[in-house]
Every structure is written in C-alpha cells, then in structure tokens.
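Chain by chain, the residues run as shown.
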Amino acid sequence: MLPKELLEVRKYRGKIFPKFASDKDYALAEKIIKIFRKGKGRKYGEVMAAIKTLENARNYRKVRAFSRVVERFCVEKACIFDIPSSIEPQKVRMFLFERGYVTSKKERQRVVEYAAKFFNTTPDEIEKAMYADRDEELVLVDVRQMTPDLLIKLYNLSLLQTTIFDCLRLSFWTSSNHKEIFRRIKWLGLMYEIHDSIEITGAASILKMTRRYGTSIAKLIPSIIKAKRWWIKAEIVDKERIYFLEFDDSLRHLFPDYDEKVEYDSSLEEEFARKIKVIKPEVEIIREPNVIRTGDYAFIPDFLIKKGKKEVYVEIAGFWTPEYMKRKIEKVKKAKIPLILIARDDYALEKVELDDVIVFSKTIPYNKVIKKLNELLVEDEEE
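(A) The arrangement of the side chain of Glu-193 in detail. Mapped onto the fold, Glu-193 is located in strand β6 (residues 192–194). For Glu-193, a relative accessible area of 15% puts it in the buried group. Reaching out from Glu-193, the side chain makes a polar contact with the side chain of Arg-327 at a distance of 3.0 Å. If we skip the residues at most four places from it in the chain, Glu-193 touches Ile-198, Glu-199, Tyr-297, Arg-327 and Lys-331.

The structure is reproduced here in structure tokens:
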C-alpha cells in the first residue's frame with residue numbers, strides 16, 4: 001500500500017479510475033531497480049538522492065511510489081556502523097538530551113566526552129551513534145532481485161489498495177477462493193453481509209477508525225483478485241463527494257500472482273476453545289464451521305458447539321457499530337439460529353451495551369458465555 005499523497009487517480013462523470021502503470025513505465029521501473037542494486041552497501045540517503053534525479057513535475061508521485069514498492073519487497077537496511085560495545089542510538093540520544101541544552105561548541109564537546117566515558121567508548125563513536133538509526137544514515141545491506149514487470153504489477157496492486165482506503169462500502173463476487181476470503185474477512189475484523197455477493201461496510205462510514213479499518217479492507221484485495229473470476233464495486237469518498245469504482249478479472253494482467261502473507265492471530269480463539277472445553281467437557285467445539293445461510297443472508301461463525309444433536313454457534317465480532325450488530329441479531333433471530341455474539345468494546349465506534357451481545361474489554365467474561373450457552377442448549381433440548 002502507498003501513502004495517500006502518492007495516490008494517482010482519474011475522476012470522470014462520477015467514477016474514479018486508478019492510473020495503473022503499464023509497459024510505458026517499464027524504463028522508469030528498470031532505472032529505479034538499477035539504482036537500488038548499485039546502492040547496495042551505500043547509505044540510504046545517497047540512494048534516495050539518486051532516485052530523486054529521476055523526478056520531474058509529471059512523474060514524481062510514480063517515482064516515489066515505485067521506490068516505496070522496491071523498498072518494501074527487496075531492500076534490507078541496517079545501521080552503518082558496528083560498535084563493539086553495541087551502543088544503541090536511542091539510548092545515546094536520551095543520555096545527551098537529559099544533560100540539557102548546550103549553547104556553544106565547547107559545551108557540546110564536553111557533553112559528548114562525558115557520554116563517551118559513560119558508554120565506555122570514544123567521542124567519535126558517540127557522534128556516529130547519535131543519529132545512526134535515522135533512515136538516511138542506514139545502509140542498504142541487501143537488495144533482492146526484482147524485475148521491472150513485477151515492480152509495475154506490485155505498484156498497481158498497491159495503488160488499488162490505496163484507492164479503496166476511503167470507501168463507504170465494498171461489494172465483490174468471486175468464483176473461487178471462498179474459504180481464504182472468508183477467513184481473511186474474519187481475521188481482519190471487517191463488518192460484512194453476504195447475499196449473492198459480499199458487501200463490506202467501508203472505512204469512511206466509521207470516522208474514528210478510518211486509517212485502521214481502511215487498511216484492513218485494503219488487505220482483503222489480494223485474496224479477491226487471486227480467484228479465477230471476480231468483480232469488485234466500491235463507493236469512494238473524496239472531498240465530500242462519492243465516486244464509483246468498478247472493475248473485474250478482465251484487468252487481471254495488471255496485478256501480480258503474489259498474495260500478501262497475513263499472520264493470523266488465533267490466540268483469542270484458541271483461548272476460547274480451550275476454556276469452554278475445560279468448563280464444559282461434554283461439548284464438542286468445531287472451529288471455523290461452514291458458512292451459515294438463511295434465505296438471502298449468510299454469516300460466518302467462529303465456532304460450532306455441539307452436544308449430541310444440539311448445536312449453538314458462536315461469533316467473536318471484530319469492528320462493529322450498534323446498527324451493524326442490531327441488523328445481524330435481527331436476521332439471526334428471524335432464521336431461528338442459536339447464536340452467541342461476543343464483541344470487543346475497543347473495536348466499537350460507540351461505547352454501548354446491547355442486550356443480545358456479550359461485550360468485553362480485556363478478557364471474555366466466560367461466566368456470561370456459559371450462562372447463555374446453557375440457556376440455548378436447554379431451549380433446544382425442550383424443542
């Protein structure tokens with residue numbers, strides 16, 4: 001993904017189009033890759049100065065964006081020096097700043113010498129260590145292989161993801177890759193509704209979470225475009241105006257086969273399954289059961305808890321609003337699906353209490369979960 005200041009789009013008659021790179025940008029991509037390769041072993045600041053010579057009034061965004069993409073996938077940076085005493089720049093700065101302001105070169109030299117004695121090194125090494133971890137002072141220690149064609153495709157993917165940051169809603173359909181997509185939706189904590197297509201509530205409608213939530217939506221894109229066939233529609237907010245973004249797998253050639261790896265944090269789910277099993281050893285806990293469909297609505301529960309023929313679903317929600325939760329509860333009730341809904345209050349837009357939702361702050365209140373579980377199992381048993 002790119003910083004929003006590097007976003008390049010075209011707007012026309014209420015529609016928005018990312019300005020994707022193409023073969024005509026091959027030469028520029030090749031030059032940037034060469035500069036990075038030649039910069040191996042040199043200061044990052046020197047490499048950036050060389051990149052800057054490629055900029056002009058028309059291409060500076062693309063030059064900087066290409067550089068960002070190369071850095072992310074191919075460049076490894078490290079401190080320029082290796083001090084035997086392993087002085088950490090941050091500790092050196094903290095020590096010097098705690099000595100207070102200096103008003104002359106003589107006074108500065110005195111403080112540096114004092115720091116050298118404290119860290120058991122020389123004044124020269126203190127001077128080096130002071131800002132050695134600043135980006136421009138780092139050295140490129142490794143630059144992995146990348147082709148201009150791959151750089152262009154990775155840039156296009158990043159451009160698309162950045163365009164989607166400020167969407168009101170995102171709808172999409174895919175012919176395959178459903179399990180991975182649903183799993184990523186859940187892991188990213190996205191608010192969703194599943195009908196004939198899947199609709200994601202957008203970041204722009206959750207004003208307090210725009211950056212965090214918008215990034216989460218963008219991380220879903222690689223899983224969508226990895227399918228054999230797909231389409232995406234989004235409503236994008238730009239300067240208080242809404243633009244429509246629509247495209248499909250006919251543009252597949254613009255993007256890489258690369259799929260951004262996501263480390264799934266399953267600690268909360270693992271804890272939930274373990275504790276429920278300890279408290280109620282007679283039940284069977286199935287993690288990530290199939291998608292549950294009820295008419296034109298569907299949802300993805302985290303667990304299915306079974307006792308004989310009796311079943312209760314459990315969903316631990318990610319981002320949420322009261323309206324989103326109420327809609328989900330109403331649809332589940334109409335379908336008569338036994339569901340326990342759990343939500344984290346730090347993912348909520350508004351701090352509210354909902355009768356049918358178990359809201360928690362730091363830890364799940366298992367006493368409430370077990371009470372609700374017992375109620376549903378008894379009700380089911382009576383039926």
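Still more to cover.
(B) Representation of the packing of aromatic side chains. For the structure shown, the criterion picks out nine aromatic pairs. Aromatic pair Trp-230 and Phe-247: ring centres 5.7 Å apart, planes at 85 degrees, arrangement edge-to-face. Of this pair, Trp-230 sits in strand β8 (residues 230–238) while Phe-247 sits in strand β9 (residues 241–248), and the two are 17 residues apart along the sequence. The ring of Phe-17 carries Arg-10 above its face, with NZ or CZ at 4.7 Å from the centroid.

(C) Structural context of helix α12 (residues 322–334). An ideal rise of 1.5 Å per residue puts 18 Å on 13 residues; α12 measures up with 18 Å between its terminal C-alpha atoms. For α12, the complete set of buried residues consists of Pro-322, Tyr-324, Met-325, Lys-328, Ile-329 and Val-332. The buried side chains of α12 occupy one side of the element, clustering within an arc of 160 degrees when seen end-on. Buried positions along α12 lie against β6, β12 (297–299), β14 (310–317), β15 (339–344) and β16 (357–360). Downstream of α12 by one or two residues, Lys-336 has phi in the positive range, about 55 degrees.

(D) Molecular detail of the pairing of strand β7 (residues 198–201). Of the two faces of β7, the one lined by Ile-198 and Ile-200 is fully buried and the one lined by Glu-199 and Thr-201 carries no buried residue. As defined by bridge partners, strand β5 (residues 167–174) adjoins β7 across four bridges and the pair is classed as antiparallel. If you follow Phe-172 over to β7, its bridge partner there is Ile-198. The sheet contact formed by β6 and β7 spans three bridges and is antiparallel. Residue pairing in the sheet places Tyr-192 in a bridge with Ile-200 of β7.

(E) Highlighting the environment of Leu-28. Within the secondary structure, Leu-28 is located in helix α1 (residues 26–38). Note: C-alpha distance between Leu-28 and Pro-148 (120 residues apart in sequence) is 8.4 Å.

(F) Up close: the pattern of salt bridges. On inspection of all chains with the given rule, the structure shows 17 salt bridges. As a salt-bridge pair, Asp-142 and Arg-144 come within 3.5 Å of each other at their nearest N and O atoms. Residue classification places Arg-144 among the partly exposed residues on the basis of a relative accessible area of 37%. Among the ionic pairs, Glu-235 bridges to Arg-169, the shortest N-O distance being 2.8 Å. In this pair, Glu-235 is assigned in strand β8 and Arg-169 in strand β5, connecting sequence segments 66 residues apart. By sharing partners, the salt bridges in this structure join Lys-186, Asp-302, Glu-315 and Lys-328 into a single network.

(G) Here's a closer look at empty space enclosed by the protein. Enumeration over the complete set of coordinates arrives at four cavities of 30 Å³ or more. Taken as a whole, the largest cavity spans an internal volume of roughly 70 Å³. Around the largest cavity, the lining is made up of 13 residues, and of these Lys-186, Leu-190, Glu-315, Ala-317 and Gly-318 lie nearest the centre. Listed by contribution, the elements that provide at least two residues to the lining of the largest cavity are α8 (178–188), β14 and α12.

(H) Region of the structure containing the packing of α1 against helix α7 (residues 148–163). Packing of α1 against α7 leaves a shortest axis separation of 9 Å and a crossing angle of 105 degrees. One way to sum up the angle between α1 and α7 is to call them roughly perpendicular. Together, Tyr-26, Ala-29, Glu-30 and Ile-33 of α1 and Pro-148, Asp-149, Leu-151 and Ile-152 of α7 make up the contact between the two elements. Looking at side-chain class alone, the contact of α1 with α7 contains six nonpolar, no polar and two charged residues.

(I) Local environment of the sheet that holds strand β10 (residues 284–287). If you walk across this open sheet you meet the five strands as β10-β13-β14-β15-β16, and the pairing is mixed. The open sheet has two edge strands with one neighbour each: β10 and β16. Between one strand axis and the next, the sheet turns by 20 degrees as a mean value, whatever way the strands run. In this structure, β14 lies alongside β15, joined through five bridges in parallel fashion. By the bridge assignment for β15, Val-314 is matched with Ile-340. Against the sheet, α12 touches β14, β15 and β16, its axis set at about 170 degrees to β15.

(J) The nonpolar core, seen in detail. Residues Ile-185 and Ile-200 are the most contacted members of the largest nonpolar core, which totals 82 residues. With seven residues, α7 is the largest single contributor of residues to this core. Discounting chain neighbours no more than four positions away, the residues touching Ile-200 are Leu-168, Arg-169, Leu-170, Phe-172, Ile-185, Leu-190, Met-191, Tyr-192, Tyr-213, Ile-217 and Leu-220. With 19 residues, the next largest nonpolar core counts Phe-272, Val-283, Phe-303 and Leu-377 among its residues.

About the thresholds
- Residues numbered from 1 in each chain as written.
- Predicted model: local features only at pLDDT ≥ 70, side-chain atom pairs only at ≥ 80, totals over all residues.
- Heavy atoms only, no water.
- Helix = DSSP H or I, 4+ residues; strand = E, 2+ residues; numbered from the N terminus.
- Buried < 20%, exposed > 50% of the residue type's maximum accessible area, 1.4 Å probe, protein only.
- Polar contact = N/O pair within 3.5 Å; in protein donor to acceptor, adjacent residues only side chain to side chain.
- Contact = heavy atoms within 4.5 Å.
- Phe/Tyr/Trp six-rings, centres within 6.5 Å; stacked < 30°, edge-to-face > 60°.
- Lys NZ or Arg CZ within 6 Å of the ring centre and 35° of its normal.
- Expected span 1.5 Å × (residues − 1).
- Arc of directions from axis to C-beta.
- Pairing = 2+ DSSP bridges.
- Salt bridge = Lys/Arg side-chain N within 4 Å of Asp/Glu carboxyl O.
- 1 Å grid on protein atoms, 1.4 Å probe; cavity = no way out; pocket = protein on both sides within 12 Å on 5 of 7 lines; lining within 4 Å.
- Points joined across faces, edges and corners; volume = space filled by probe spheres on them.
- Axes fitted to C-alpha atoms, helices over the stretch in contact; angles between N-to-C directions.
- Parallel < 35°, antiparallel > 145°, perpendicular 65-115°, else oblique.
- Nonpolar A, V, L, I, M, F, W, Y, C, P; charged D, E, K, R; others polar.
- Core = buried A, V, L, I, M, F, W, Y, C linked by side-chain atoms within 4.5 Å.

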